[in-house]
Amino acid sequence: MPRRPLTTRSSLPGRPKLVATAVLIALGTLPVHAQQTLEPSSMKTLESVVVRGDIAYRDRTEDTAPTLTYDQEYFQRFEPSTAGDMVKRVSSATFVSDVLEYDAVQLRGLAPAYTQVLLNGKKVPGGADDRSFWLDRIPAEMIDRVEVIRSPSANRSGDAMAGSINIVLRDAYEFDGSYIRLGGIHYDDGTTQPTLGLVSSGEWLGGRILVSLNVQDRYNPKKKRSDRWKEPGGDFDSYENQTDTRDGKDYSANASYAAEVGPGRLKLESFYVQTDRTQKEKSNEVVYDNGALDENNRVPGRTDVDQRNWGIGAEYKFDMAGGQTEIGLQHARFQDKNTEREEEHVYTRNGNVWEWEESEGEKTGFNSHDTENSLKLAHKRPIGSAEMEFGLDYQAKDRLTKYSQYEWEDEVDVGHTTPGPVDYEKAGVIESTITENRADPYLMFSGKTGALAWEAGLRYETTTTTIKSEEEGKFNNDYQTALPSLNLKYDLDELNRVSFSVGKTVRRPNFNFLLPDLLDGEYGDNDFVGNPKLNPETAHGVDLGFERRLGKRGIVGVNFFYRSVQDLIELVNTGESSEAWEELVDDDYAGDESAALAAGESKSYVYKAKNVGDGKVYGIEFDLSTPLTVIGLPDTGIFFNYSWLDSEVKDFMGTRRFNNQADSLYNVGFIQNLPSLASSFGASYRKQGQAKSRVLGEEVTTTYGGDLEVFVEKRVGKSLSLRLSGNNLLDAEKKEVFHKFNTQEEQESRDYDEYEVEKEKAGPRIQFVARYAF
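I will try to describe carefully the structure that is included in this document. Please read all numbers here as calculations on a predicted model, not as lab measurements.

## A look at the overall build of the chain
Counting its regular elements, the chain contains eight helices and 37 strands. The globule rule puts the C-alpha radius of gyration for 774 residues at 28 Å, and the 28 Å found for the chain is close to it. Overall, the chain is about 85 × 60 × 55 Å in size when its C-alpha atoms are taken along their principal axes. Here the chain holds 774 residues, and the buried ones make up 54% of them.

## Comments concerning the nonpolar core
Note that soluble globular proteins tend to have their nonpolar side chains buried in a common cluster. Of all hydrophobic cores here, the largest spans 50 residues; its most connected members are V87 and I167. Mapped onto this core, the elements with two or more residues apiece are β2 (67–71), α3 (72–76), α4 (83–87), β5 (115–119), β7 (143–149), β8 (163–169), β25 (554–577) and β27 (633–651). Each residue touching I167, except ones within four places of it in the same chain, is listed here: A83, V87, L118, L119, N120, L135, I138, I143, R145 and V146. I467, F511, L534 and I569 belong to the second largest nonpolar core, which has 13 residues in total.

## Considerations on unusual backbone geometry
Although it is not a glycine, D567 adopts a positive phi angle of roughly 60°. Given the relative accessible area of 35%, D567 is considered partly exposed. With a phi close to 65°, N660 is a non-glycine residue in the positive phi region. Here N660 shows up in the loop between β28 (654–656) and β29 (664–674).

## What about the sheet that holds β8?
Pairing is mixed across the open sheet formed by five strands, whose spatial order is β2-β7-β8-β5-β6. Each of the sheet's edge strands pairs with one partner strand only, and the pair in question is β2 and β6 (122–123). Here five bridges tie β5 to β8, and the two strands are oriented parallel to one another. Pairing of V117 across the sheet is with I165, part of β8.

## Side note on the pairing of β8
Of all seven residues in β8, seven are buried, a share of seventy percent or more. Of the two faces of β8, both are covered, the one formed by G163, I165, I167 and L169 as well as the one formed by S164, N166 and V168. Strand direction decides the pairing type here: β7 and β8, joined by six bridges, are antiparallel. Looking across to β8, one finds that E147 is bridged to N166.

## Re the pairing of β7
Judged by how many residues are buried, β7 sits mostly within the fold: six of seven residues are covered. For β2 and β7, the ladder comprises five bridges, and the chain directions are antiparallel. Pairing of Y70 across the sheet is with V146, part of β7.

## Notes on the environment of R656
Mapped onto the secondary structure, R656 falls in strand β28. Separated by 36 residues in the primary sequence, R656 and K692 place their C-alpha atoms 8.8 Å from one another. Among all residues touching R656, those that are not within four sequence positions of it are E570, S647, E648, V649, D651 and R694. A distance of 2.7 Å separates the side chain of R656 from the side chain of D651, its partner in a polar contact.

## Looking at the pattern of salt bridges
Within this structure, the stated rule accounts for 75 salt bridges. Between D440 and R459 there is a salt bridge, and its shortest N-O distance comes to 3.6 Å. You can see D440 sitting in strand β18 (residues 425–449) and its partner R459 sitting in strand β19 (residues 452–469), a full 19 residues away along the chain. The two residues D440 and R459 agree in class, both being buried. Each of R58, R60, E62, K489, D491, R497, E547 and D623 takes part in one network of salt bridges that share partners.

## Things to note about the environment of T465
Here T465 is to be found in strand β19. On the basis of relative accessible area, T465 is assigned to the buried category, the value being 4%. Taking the C-alpha atoms as reference points, T465 and Y403, 62 residues apart in sequence, are found 21 Å from one another.

## Topic: the packing of aromatic side chains
The tally for this structure, following the rule as stated, stands at 25 aromatic pairs. Seen from their ring centres, F78 and F711 are 5.1 Å apart, and the 80° between their planes marks the pair as edge-to-face. Of the two residues, F78 is situated in the loop between α3 and α4 and F711 in strand β33 (residues 707–716); the sequence distance between them amounts to 633 residues. Both residues of the pair, F78 and F711, belong to the buried class.

## Regarding a negative patch on the surface
A cluster of acidic residues, E340, E342, E357, E358, E360, E362, E407, E409, E411, D413, D423 and E425, forms a negative patch at the surface. At the level of elements, β15 (323–350), β16 (353–383) and β17 (386–411) are the ones that each hand at least two residues to the negative patch. Here the negative patch takes four residues from β16, the largest share from any one element. Mapping E407 onto the fold places it in strand β17.

## A short note on the environment of F318
Counting through the fold element by element, F318 comes out in strand β14 (residues 292–320). Along the backbone, F318 and N728 are 410 residues apart, and their C-alpha atoms lie at a distance of 49 Å. Leave out the neighbours within four places in its chain, and F318 touches P263, G264, G323, Q324, T325 and I327.

## Describing the side chain of D98
Its location among the elements puts D98 in the loop between β3 (93–94) and β4 (106–107). A distance of 2.2 Å separates polar atoms of two side chains, one belonging to D98 and the other to R246. Sequence-distant contacts of D98, that is, excluding residues within four places in its chain, are made with K222, R246, K734 and E760.

## A few points about a nonpolar patch on the surface
Among the surface-exposed residues, Y490, L492, F500, L544, F546, V558, F560, I620, Y642 and W644 lie close enough to one another that they form a single nonpolar patch of about 860 Å² accessible area. Of all elements in the fold, only β24 (537–550), β25 and β27 reach the threshold of two or more residues within the nonpolar patch. Take V558: it is sitting in strand β25.

## Digging into the side chain of E141
On the secondary structure map, E141 appears in the loop between β6 and β7. If near-sequence neighbours (up to four positions away) are discounted, E141 is found in contact with Q72, R170, Y179, R181, V199, S212, N214 and R771.

Rules of the game
Residues numbered from 1 in each chain as written. Predicted model: local features only at pLDDT ≥ 70, side-chain atom pairs only at ≥ 80, totals over all residues. Heavy atoms only, no water. Helix = DSSP H or I, 4+ residues; strand = E, 2+ residues; numbered from the N terminus. Rg over C-alpha atoms; globule rule 2.2 N^0.38 Å. Buried < 20%, exposed > 50% of the residue type's maximum accessible area, 1.4 Å probe, protein only. Core = buried A, V, L, I, M, F, W, Y, C linked by side-chain atoms within 4.5 Å. Contact = heavy atoms within 4.5 Å. Pairing = 2+ DSSP bridges. Polar contact = N/O pair within 3.5 Å; in protein donor to acceptor, adjacent residues only side chain to side chain. Salt bridge = Lys/Arg side-chain N within 4 Å of Asp/Glu carboxyl O. Phe/Tyr/Trp six-rings, centres within 6.5 Å; stacked < 30°, edge-to-face > 60°. Patch = residues over 30% accessible without salt bridge, like charges linked within 9 Å, V, L, I, M, F, W, Y side chains within 5 Å. Areas by Shrake-Rupley, 256 points an atom, 1.4 Å probe, with all protein chains shown as cover. Lys, Arg positive; Asp, Glu negative; His and termini not counted. Charge placed at Lys NZ, Arg CZ, Asp CG, Glu CD.

Have a look at this one:
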């Protein structure tokens, strides 16, 4: 589209926003013409966002599907940096990540792949093999509100077994004004990193535009300690002290333009997020042999991350044939380039001197490009006292990945007594392309009869997948899934409400589980090969909730959920020998497998993924958000949510929970407003319960310490707010206990390869932020 020439200041309607104008022109998203100025009926000024004298609470929505809505102001006083920092405060949102890393959200404790993350109600690609989208890639300053959608509806994609998180970015039609955010974060190692943001919105060319720009440093210095034994209660093997520093920078922007064009309203949206990050690890490992010092090793590591995530979209809504028609187009990309390397330099003791003996290293390069193009066609129209909506969601996805493996080794020799330069040699490459095309028609009816609001629909998702491997060739897989859903909401009176939902959802296979390439030693000594013929997991679910309004602004709710999961994807033994086993037999037993077995060797195999299991997930969710007006404290707000989570699934060793499902989560806190001083302060505490994971060759138990945050705010006039906040004031610790085995037989008999306890800790962060509206 050709760019329009810059218009003179005097010809622009209303107060111009030059920054927003320039960015939109640069993005090339402005329409050729817009016919009339929009007149929003409920415009929110950005000045009111910057300087807010009251306390924000969770909103009650009128959606028939059970939805929890949190405005940006609900989180803002604690100064979250990313969407992950915001979502960690909502009901049932758990994370099993490194300390202070809130990236892949696990609603109801299920793995990230079971949670659907939407951006402005639309799917976006993520770089992870499990299809999850990392929330820490979206700066908090770009966000208008967060919606937690607990059950499915026919007009949304069915990839939401655990529910959906909808991140709604700020919109040109809902805001007016400009503000700037400037601040810095001080870390316990003495480092201070800056943050800068700008949001601007106003009238332009007969429509409205909004632009948000954000630059922030991402820094996370941590310390780790690992202790290792041969087995629990056995001989002590080694310990490792490590510093882990993650240092990076995020650049982000989003733009929104809305205008009345022809018979309808046109909306254009775009976003861009860039992450450049380096993770440096420095470790010292001390190894014992029968209680005596044996080795003193240096283990440096480094990971370089370069990610680009961007998208553009257009939406046009207009009246047609007695109803409203919507046409939507979107193009989104996620590019991920990262390199991970680790070397080990072994030093052995010679008297009182540590002498270098050998070195080795591994480096893995990962390069992926995800591209998604989508089309939405929808039409709504009244049918008697009800409304009918039907439509088609089409999506074409291409994912190109390349894994490159490199190795390096060096050892002492005559005249060579120190490690030489690290010079990696390529050891292998796996390249693949996955193309996935979906065409999902749906039909939905909704209405309200007295106190009862209802919504019923059917979505039919069709998926065509093509997997191309450089080594194994081309594979095709097609499947179809019918997804019915029903949502009911009944108002008992003006204060009390009951909701009931049933529906069917899906979880599509991990991309790495689809690839037919053999991965050597992926699970202990066992190999793994993907399965291009995998089908999606499916689940039938029920949600039953009760919600009560407390006064004018408070709300309390409780919800019970249950999911019955079919066609679970689990690892199965193919019966084929692994490469490690064949090498052992050839090298140590002259190719005689029976001799190796007679000698007590445990055989390792090739495993693959198959749809073989069933499971169930259930829990209770409670949340409270209210001022204490009832006891005469209208300027004191409290919030509390608690989730009890459980599940059951059978694997090769028996019954367990879904992997990494925390057994509980709670958030509790308060905000005290001081109107006479134009100030406020508050505190928040978060505690996540224990999570366990069991896969072939490894079992892990993960626990977290509590996270305490506080803030103090001063409002100056109507345009300036100053805020000082403290994060992780209790020096939260993550503890992981690893039980490691080489084969399934050894895992079942508890013949350990290693038992390890790792503790990771980070210090407090102090942040100062000033916002100024203009």
